[in-house]
Amino acid sequence: VNSGVMSIHGHMGEHLMNYQGKDSCSLALKGILEGTLPTYSIPSHPMNHKGEATGMLVGGNLSVMCGMTGSYLDFFNRTEDLILFLEDVEESFDHVDRYLNLLKINGELARLKGIIVGQFTHYTQNGDYPDMNYVFEQNLKDLGIPVIYNFPVGHVDQNYPLIEGAKIQMTVGESESSVKFF
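Residues numbered from 1 in each chain as written. Predicted model: local features only at pLDDT ≥ 70, side-chain atom pairs only at ≥ 80, totals over all residues. Heavy atoms only, no water.

### Topic: the packing of aromatic side chains
In this structure the tally under the stated criterion is eight aromatic pairs. Both rings, one in Tyr 40 and one in Phe 181, keep their centres 6.4 Å apart while their planes meet at 85°; by these two values the pair is edge-to-face. Pair noted here: Tyr 40 is in strand 2 (residues 39-43) and Phe 181 is in strand 9 (residues 176-181), with a separation of 141 residues, a long-range link. Judged by relative accessible area, which is 4%, Phe 181 ranks as buried. An angle of 35° between the planes, with centres 5.3 Å apart, marks the rings of Phe 93 and Tyr 123 as tilted. One end of the pair, Phe 93, is in helix 4 (residues 93-105); the other, Tyr 123, is in the loop between strand 5 (112-121) and helix 6 (132-140), with 30 residues separating them in the sequence. Overall, the relative accessible area of 28% leaves Tyr 123 in the partly exposed class. One aromatic cluster in this structure is built from Tyr 40, Phe 151, Tyr 160 and Phe 181. (Phe/Tyr/Trp six-rings, centres within 6.5 Å; stacked < 30°, edge-to-face > 60°. Helix = DSSP H or I, 4+ residues; strand = E, 2+ residues; numbered from the N terminus. Buried < 20%, exposed > 50% of the residue type's maximum accessible area, 1.4 Å probe, protein only.)

### Remarks on the environment of Glu 137
Inspection of the secondary structure puts Glu 137 in helix 6. Spatially, the C-alpha atom of Glu 137 lies 19 Å from that of Glu 90, the residues being 47 residues apart in sequence. In this view, Glu 137 contacts Met 47, His 49 and Tyr 149; residues no more than four positions away in its chain are not counted. (Contact = heavy atoms within 4.5 Å.)

Right under this line is the structure:
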């Protein structure tokens, strides 16, 4: 994103080998590589924040991204109209809360047009939260922007490939949420 080059956040080679490229995520990746821009629709999560937003998709692994905050690799300093997607693995509630507070204190969350909360897997449960989405909700509830929870991206088998640096429209509705690339 910082150099003006788009990239794909998606499966590694092992997944392609295990599924022989025939699962929906591998087929979506193949379509992207052949020039077809995807639209993903998923059932809405009860914690979603309804609305629509258009902007450039950025994000990925939350802990890695926060480690680059303030560096020349920090995409928040280079682009406006951002929609952020986040995922991570093996983080605790207090670590994720700390990362989100860092983004809030630095003003990054206030600049976003929308947020896509992906899969947070193998996390350490500490504190009074029932699951990771509640940690996010405590930090996102007052932003006034659309939020999709439980989006299939991250360290999971159903990991939709996302084009970082591409323009998207996210629509968060009552029964369905969608991400459309264009």
